[in-house]
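Remarks on the overall topology
As a plain string of letters, each chain reads:
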Amino acid sequence: MTDARLEQLHQSAPNDQFIVARSETEALAMMAEVDATYGYCSSDLLKAAPRLRWVQVASAGVERYPLLEMRARGITFTNAKGIYGTPLADHTLALILAFSRQLPFLYRAQQKQVWENRQNFPSGELAGQTLLIVGLGGTGLETARRAKGFGLRILATRHHASLAKADFVDEVHSPERLHYLLAEADWVAVCVPLVPATRDLFHDDEFALMKRTAYIVCVTRGKIINTDALLRALKARKIAGAGLDVTDPEPLPPSHPLWTMDNVIITPHASGHSPHADSRMFNLLCENVRRFADGRSLLNVVDLELQY
């Protein structure tokens with residue numbers, strides 16, 4: 001929080017006071033007079049803040065925050081929904097394209113300085129294939145928007161399946177239809193948040209329903225995919241491969257078998273990195289500060305019962 005950004009916040013709400021805590025210890029000492037907080041929240045902070053009415057965080061995933069305590073106190077909780085959808089969708093398509101065009105195989109050949117024979121790497125085409133997006137939220141929609149440009153048929157699940165469907169999505173179904181849809185998919189993009197209902201959403205039964213030629217890609221949270229079940233499916237070639245920007249455990253230990261599997265791409269939770277995400281997040285903060293000061297509804301309010 002630079003001086004320039006503090007000045008911007010002052011301009012958003014001239015009558016409010018903004019204080020910066022450089023550590024949790026500093027924050028705890030300040031919380032008695034605080035009405036709202038940005039960037040961090042814990043049970044200890046909540047207990048030290050009797051006046052607290054609003055918490056804004058800079059992450060889209062909210063599973064690590066004291067949601068039940070905030071709900072019990074009627075605190076408004078807002079997240080970074082939509083801030084990282086663009087880079088997460090780019091990353092998802094990068095993983096899909098890498099597998100489709102056999103880039104991991106070809107990169108290994110490059111490292112050996114081998115001009116590989118085309119007969120050894122049957123590259124694919126995305127046009128006409130089916131992408132299943134599990135969770136048609138901000139990241140899911142941006143993924144669908146990009147994927148449609150490659151000629152993919154787009155199927156999706158969404159908690160509110162009856163909401164209006166975007167033109168670039170072919171079908172939207174309720175989450176209860178996941179098993180039916182898995183059998184149709186050539187690519188599965190996991191875009192749901194981690195909540196109790198999505199923990200271990202992909203286990204042995206789900207991998208058994210997928211095509212042997214299908215790939216799964218996940219850029220949200222590692223615990224949505226059961227790692228042991230994924231390893232079994234990959235080793236038995238029940239699915240063709242996995243692109244993982246998130247893992248369970250995370251970071252992935254050096255000795256973990258996923259590192260060395262030839263049908264796996266691993267990136268270090270890097271999909272949200274973007275030169276523009278930070279400015280989008282700060283603009284959201286400024287807008288919500290204005291709304292909070294004016295007593296208006298805030299953007300990106302988390303449903304503390306659904307936990308997203």
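Just so it is clear, the structure is predicted and the values come from calculations on it, not from any experiment.

Focus: the overall build of the protein
Scanning the protein for helices and strands turns up 11 helices and 10 strands. A compact globule built from 308 residues would reach a C-alpha radius of gyration of about 19 Å, and the protein, at 22 Å, matches this within 12%. Once the C-alpha set of the protein is aligned to its principal axes, its extents read approximately 70 × 45 × 35 Å. For the protein, the residues scored as buried account for 46% of the 308 residues in total. Contacts in the protein between residues far apart in sequence, at least 24 positions, make up 59% of those at least 6 positions apart. In the structure as shown, the protein presents an accessible area of about 16000 Å², 52% of it carried by carbon and sulfur atoms. If the 33 positive side-chain charges of the protein are averaged to one point and the 34 negative ones to another, these points end up 4 Å apart.

Examining the pattern of salt bridges
Inspection of the entire model under this criterion finds 18 salt bridges. The partner of Arg71 in a salt bridge is Glu305, with the nearest N and O atoms 3.9 Å apart. Of this pair, Arg71 sits in helix α4 (residues 67–73) while Glu305 sits in the segment after α11 (277–294), and the two are 234 residues apart along the sequence. Where Glu142 meets Arg146, a salt bridge forms, and the shortest distance between an N and an O atom there is 2.8 Å. With Glu142 and Arg146 both in helix α7 (residues 138–148), this residue pair falls four residues apart, about one helical turn. Each of the salt bridges in this network shares a partner with another, and the network as a whole consists of Asp90, Glu142, Arg145 and Arg146.

Topic: the sheet that holds strand β9 (residues 241–244)
In space, the seven strands of this open sheet follow the order β6-β5-β4-β7-β8-β9-β10, with parallel pairing throughout. Each edge of the open sheet carries a strand with a single partner, namely β6 (171–173) and β10 (264–266). For this sheet, the mean angle separating the axes of adjacent strands, direction not counted, is 15 degrees. Taken together, the four bridges between strand β7 (residues 187–190) and strand β8 (residues 215–218) define a ladder with parallel strand orientation.

Notes on the packing of helix α1 (residues 3–12) against α11
Where α1 contacts α11, the two axes come as close as 8 Å, and the packing angle between them is 30 degrees. The angle between the axes of α1 and α11 places the two elements in the roughly parallel class. In terms of crossing hand, the pair formed by α1 and α11 is right-handed. Only Asp278, Ser279, Phe282, Leu285, Cys286, Val289 and Arg290 of α11 make contact with α1, whose side of the interface consists of Arg5, Gln8, Leu9 and Ser12. Broken down by class, the residue content of the contact of α1 with α11 amounts to five nonpolar, three polar and three charged.

Examining the packing of aromatic side chains
Throughout the structure, instances matching the rule amount to six aromatic pairs. With a centroid separation of 4.8 Å and an interplanar angle of 15 degrees, the aromatic rings of Trp187 and Tyr215 are classed as stacked. Here Trp187, found in strand β7, pairs with Tyr215, found in strand β8; they are 28 residues apart in sequence, far enough to count as distant. The two residues Trp187 and Tyr215 agree in class, both being buried. Taken together, a centroid distance of 6.2 Å and an interplanar angle of 40 degrees make the contact between Phe202 and Phe207 tilted. Residue class for Phe202 comes out buried when judged on its relative accessible area of 0%. Chaining the aromatic ring pairs together yields one cluster made of Phe99, Trp187 and Tyr215. The ring centre of Phe282 lies 4.5 Å from the NZ or CZ of Arg5, which sits over that ring. Sitting above the plane of the Tyr180 ring, Arg177 keeps its charged end 4.0 Å from the centroid.

Some details on the sheet that holds strand β3 (residues 76–78)
With respect to topology, three strands assemble into an open sheet ordered β1-β2-β3, the strand pairing being parallel. Each edge of the sheet is formed by a strand with only one pairing partner; in this case those strands are β1 (36–38) and β3. On average, each strand axis in the sheet is tilted by 10 degrees relative to the strand beside it, whichever way the strands run. Of the pairings in the sheet, the one linking β1 to strand β2 (residues 54–56) comprises three bridges and is parallel in character. Bridge pairing in β2 links Ala36 to Trp54. Relative to the sheet, α11 contacts β1, β2 and β3, its axis offset from that of β2 by approximately 170 degrees.

Cut-offs and rules
Residues numbered from 1 in each chain as written. Predicted model: local features only at pLDDT ≥ 70, side-chain atom pairs only at ≥ 80, totals over all residues. Heavy atoms only, no water. Helix = DSSP H or I, 4+ residues; strand = E, 2+ residues; numbered from the N terminus. Rg over C-alpha atoms; globule rule 2.2 N^0.38 Å. Buried < 20%, exposed > 50% of the residue type's maximum accessible area, 1.4 Å probe, protein only. Contact = heavy atoms within 4.5 Å. Areas by Shrake-Rupley, 256 points an atom, 1.4 Å probe, with all protein chains shown as cover. Lys, Arg positive; Asp, Glu negative; His and termini not counted. Charge placed at Lys NZ, Arg CZ, Asp CG, Glu CD. Salt bridge = Lys/Arg side-chain N within 4 Å of Asp/Glu carboxyl O. Pairing = 2+ DSSP bridges. Axes fitted to C-alpha atoms, helices over the stretch in contact; angles between N-to-C directions. Parallel < 35°, antiparallel > 145°, perpendicular 65-115°, else oblique. Left-handed = near helix turned anticlockwise from the far one by under 90°. Nonpolar A, V, L, I, M, F, W, Y, C, P; charged D, E, K, R; others polar. Phe/Tyr/Trp six-rings, centres within 6.5 Å; stacked < 30°, edge-to-face > 60°. Lys NZ or Arg CZ within 6 Å of the ring centre and 35° of its normal.

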